[in-house]
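# Close look at the chain arrangement
Here are the chains, one letter per residue:
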Amino acid sequence: MQNYSSSSPHLADDGSGGAHAPGSPRAGEPKSFWKRQVARLPGSIRPAGSATDPPKVFGAQHAFASPASIATKFSSMTMSSSSAGADGSGGGGASSPKTERRMKTRDELVDQTSDAWGELDDPKPPAVITSAPPSSRKSTLDTGSAGNIVTSPSTSAPPSHRRAPSDMSLAGPPSPARMADDDRAAADEARLMTAKLQRHAKFEALLTAPTVDLAALKKLCWSGIPEDLRPTCWQLLLGYLPCSAERRESALKRKRSDYEETAAQSFGKDGATPSDKQLMHQIHIDVLRTRPTELYAHDRVQRALERILYCWAMRHPASGYVQGINDLLTPFFTVFLAPFLERHDGQMDAVPQDELTCVEADSFWCLTKLIDGIQDNYTFAQPGIQRLVSRLKDLVGRIDAPLSAHLANENVEFIQFAFRWMNCLLMREVTHAATIRMWDAYLSEDGDLNDFHVYVCAAFLVKWSKELRAKDFPEIMLFLQSPPTKEWTDKDIELLLSEAFMWKSLFHNSPNHLAAK
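Now for a look at the structure at hand. (Residues numbered from 1 in each chain as written. Predicted model: local features only at pLDDT ≥ 70, side-chain atom pairs only at ≥ 80, totals over all residues. Heavy atoms only, no water.)

### A short note on the overall build of the protein chain
Note the threshold: Secondary structure is summarised from DSSP: a helix means a run of H or I of at least four residues, a strand means a run of E of at least two, and numbering begins at the N terminus for each. Think of it in three bands: residues with accessible area under 20% of the maximum for their type are buried, residues over 50% are exposed, and the middle band is partly exposed, with areas taken using a 1.4 Å probe on protein chains only. Two residues form a contact once any of their heavy atoms are found within 4.5 Å. The Shrake-Rupley method, run with a 1.4 Å probe sphere, supplies the accessible areas, and residue values consider only the shown protein chains as cover.
Secondary structure summary: the protein chain contains 19 helices and 6 strands in total. The buried share among the 517 residues of the protein chain stands at 38%. By sequence separation, contacts in the protein chain at least 24 residues apart represent 67% of the contacts at least 6 residues apart. In the structure as shown, the protein chain presents an accessible area of about 30,200 Å², 55% of it carried by carbon and sulfur atoms.

Put into structure tokens, the structure is as follows:
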């Protein structure tokens, strides 16, 4: 056994006048060796004591200490060490900047040691987070950042202020799955934008050619037209603009001049007194109920619609004005007015009168071109609509026999709900934006517009087959008068048009299939 000298700085006084090493046995006691680490291992039981103190047991029989007790014990340790340092500095005549550290006895060490898990090993308190971390990925652990993290307070501060709250943790990096989803969404958006640009370039190549290939333009327009090119495309598809680029400017000038002359003849010299006041009154009532939106509630827009409809009725005395034609006018007016509104930041009052007159003239002539193909729908007794309703009934009986039988059992006549579908081309059943997208395909179809529209109506009715077969007569009529299409997008319209095209391909050239019962 080694001999320890009392002058060694590693010896501590045991209270009996002698000195002993912390790990050496006292006089008259058996030789015992122990390590501090043993007391920190959960599950280890080792008695330790002296002749005067009872044995103390460390290990599994002690309950795990709570964070509060750990903080309290840590505070007592730091306060005792600070007080000991103060006593050492005051004992000498001259203050020394560095005091000698006093070794603790075994009993002091036992009293100040806990076997609880997670006990503080580092006497330096942790930093305190004073504000929530920013959302960016940049690390906020830099103590030089303004106001994010401050250094720890003094050891005399309460222990509750030395720990960061458990719910204030720095946000980690995004998960790989989330990053993959973001990358995939960005790639899809980039592909969609590239496809739109390529499609727009195809339109511009056709429209800037010396002579527009009308067949190629119809094929391209059937799937939708870019908004900025829609006015020119519609005017070409309807035949209002010639395909030759050299003749377009002169044709537009002549057509717009003809409209101004027609309006002057219809409204007199002052341009405000119609020759047929009864007809003007009927048109005025319908215009007030046309599209209850801010744009169509504007006084200048309503006066423009009244002039267009009145001039059309005066030039077509065989049919005259029929309720529903006002609805057919609104898609043209919206599309042709859009470029001028965009030029004036959407302010209708800022649109000059000469530009509004151009919109009136273009809308008048395109409406005339459209109705020329479906004139029978608006003549006396409207025979065209009667034929379309009969064809729709035959189509639904062939496409969806259970639905047709259920409507017949509930005494639902097709004329009761389909008349408005034919008269207004489904404009009151879908949104205005959906109608414009639908007309991209309508105007691109060869032949009579009614031939394709009846198949669109059939696809529209069959779409609600499951809902309709579960309803009785009143519920069916209420449902068909206000179908749930307010949330429809271009994708829904494109699906409807695709189904209509499929039915037309199957039955249009095979009328015997429809006649078979």
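Still more ground to cover, so stick around.
### Brief notes about unusual backbone geometry
One non-glycine residue with positive phi stands out, namely Ala 381, at about 70°. Along the chain, Ala 381 falls in the loop between helix H10 (353–372) and helix H11 (383–399). The class for Ala 381 is exposed, based on a relative accessible area of 54%. Here Leu 425, not a glycine, exhibits a phi torsion of approximately 55°, which is positive. By secondary structure assignment, the location of Leu 425 is in the loop between helix H13 (414–423) and helix H14 (432–442).

### Considering the layout of surface pockets
Defined as follows: The definitions used throughout rest on a 1 Å grid laid over the protein atoms alone, on which a cavity is an enclosed set of points accommodating a 1.4 Å probe that cannot get out and a pocket is an open set flanked by protein within 12 Å on both sides along at least five of seven lines; lining residues are those having an atom within 4 Å of a point. Grid points are joined across faces, edges and corners, and a volume is the space filled by probe spheres set on the points. Each residue is assigned to one of three groups, with Ala, Val, Leu, Ile, Met, Phe, Trp, Tyr, Cys and Pro labelled nonpolar, Asp, Glu, Lys and Arg labelled charged, and all others, Gly among them, labelled polar.
One number sums up the size of the second largest pocket: a volume of about 930 Å³. If you trace the second largest pocket, you find 26 residues lining it, with Ile 225, Pro 226, Glu 227, Arg 230 and Asp 490 closest to the centre. Listing elements by their share of the lining of the second largest pocket, those giving two or more residues are helix H3 (176–207), helix H5 (230–237), helix H9 (325–343), H14 and helix H18 (490–507). Grouping the constituent residues of the lining of the second largest pocket by class yields 10 nonpolar, 5 polar and 11 charged.

### A few points about the packing of aromatic side chains
Basically, it comes down to this: The aromatic pairing rule takes the rings of Phe, Tyr and Trp, using the six-membered ring of Trp, and pairs them if the centres are within 6.5 Å, calling planes under 30 degrees apart stacked, those over 60 edge-to-face and the rest tilted.
Counted under the stated rule, the structure contains 19 aromatic pairs. Their ring planes at 45° and their centres at 5.1 Å tell us that Phe 267 and Tyr 310 sit as a pair that is tilted. Of the two residues, Phe 267 sits in helix H6 (residues 245–267) while Tyr 310 sits in helix H8 (residues 299–315), which places them 43 residues apart along the sequence. The same class applies to Phe 267 and to Tyr 310, which are both buried. Between the aromatic rings of Phe 332 and Phe 336, the centroid separation amounts to 6.2 Å while the plane-to-plane angle is 25°, which identifies the pairing as stacked. With Phe 332 and Phe 336 both in helix H9, this residue pair falls 4 residues apart, about one helical turn. Phe 336 shares its class with Phe 332; the two are buried. Grouping aromatic residues by their ring pairs yields a cluster made of Phe 414, Phe 417, Trp 421, Phe 460, Trp 464, Phe 479 and Trp 488.

### Description of the environment of Tyr 240
To keep it simple, the criterion reads: In protein, a polar contact requires one atom able to donate a hydrogen and another able to accept it; more generally it is a pair of N or O atoms within 3.5 Å, and residues adjacent in sequence count only if both atoms are side-chain atoms.
Here Tyr 240 lies in the loop between H5 and H6. Remark: the alpha-carbon pair of Tyr 240 and Lys 369, spanning 129 residues in sequence, is separated by 7.6 Å. With near-sequence residues (within four places) excluded, Tyr 240 lies in contact with Gln 235, Leu 252, Lys 255, Arg 256, Ala 361, Asp 362, Trp 365, Cys 366 and Lys 369. Polar contacts involving the side chain of Tyr 240 include one to the side chain of Asp 362, which spans 2.7 Å.

### A look at H10
Note that an α-helix has 3.6 residues per turn; residues three or four places apart therefore point the same way. Short version of the rule: Any helix carries an expected span of 1.5 Å times its number of residues minus one.
Taking 1.5 Å per residue as the helical rise, H10 with its 20 residues ought to reach 28 Å, and the 28 Å between its terminal C-alpha atoms agrees with that figure. Taken across its 20 residues, H10 has 15 buried, putting it largely inside the fold.

### Let's talk about the pattern of salt bridges
To keep it simple, the criterion reads: When a carboxyl oxygen of Asp or Glu lies within 4 Å of a side-chain nitrogen of Lys or Arg, that pair is called a salt bridge.
A complete count under the given rule lists 15 salt bridges for this structure. Residue Arg 391 is joined to Asp 451 by a salt bridge in which the shortest nitrogen-to-oxygen separation is 3.3 Å. Residue Arg 391 is located in helix H11, and its partner Asp 451 is located in helix H15 (residues 449–463); the two are separated by 60 residues in the primary sequence. Residue Glu 494 is joined to Arg 437 by a salt bridge in which the shortest nitrogen-to-oxygen separation is 3.6 Å.

### Side note on a negative patch on the surface
Test applied: Like charges within 9 Å and nonpolar side chains (Val, Leu, Ile, Met, Phe, Trp, Tyr) within 5 Å are joined into patches, using only residues over 30% in relative accessible area that form no salt bridge. Counted as positive: Lys and Arg. Counted as negative: Asp and Glu, with His and the chain ends omitted from the count. To locate a charge, take atom NZ for lysine, CZ for arginine, CG for aspartate or CD for glutamate.
Judged by side-chain charge, Glu 204, Glu 227, Asp 228, Glu 342 and Asp 490 come together as a negatively charged surface patch. Structurally, Glu 204 can be placed in helix H3. The class of Glu 204 is partly exposed, set by a relative accessible area of 38%.

### Let's talk about the nonpolar core
The following threshold applies: Definition used in this section: a nonpolar core is a set of buried Ala, Val, Leu, Ile, Met, Phe, Trp, Tyr and Cys residues joined via side-chain atoms within 4.5 Å.
Leu 217, Phe 333, Leu 392, Trp 439 and Leu 461 are the most contacted members of the largest nonpolar core, which totals 109 residues. Setting aside its immediate chain neighbours within four residues, Leu 392 contacts Phe 414, Ala 418, Trp 421, Met 422, Val 454, Cys 457 and Ala 458.

### Some thoughts on the side chain of Arg 437
Position of Arg 437 relative to the elements: it lies in helix H14. Under the relative-accessibility criterion, Arg 437 is labelled buried at 4%. Separated by 3.2 Å, the side chain of Arg 437 and the backbone oxygen of Ser 223 make a polar contact. Excluding residues that lie within four positions of it along the chain, Arg 437 makes contacts with Trp 222, Ser 223, Gly 224, Asp 490, Ile 493, Glu 494 and Leu 497.

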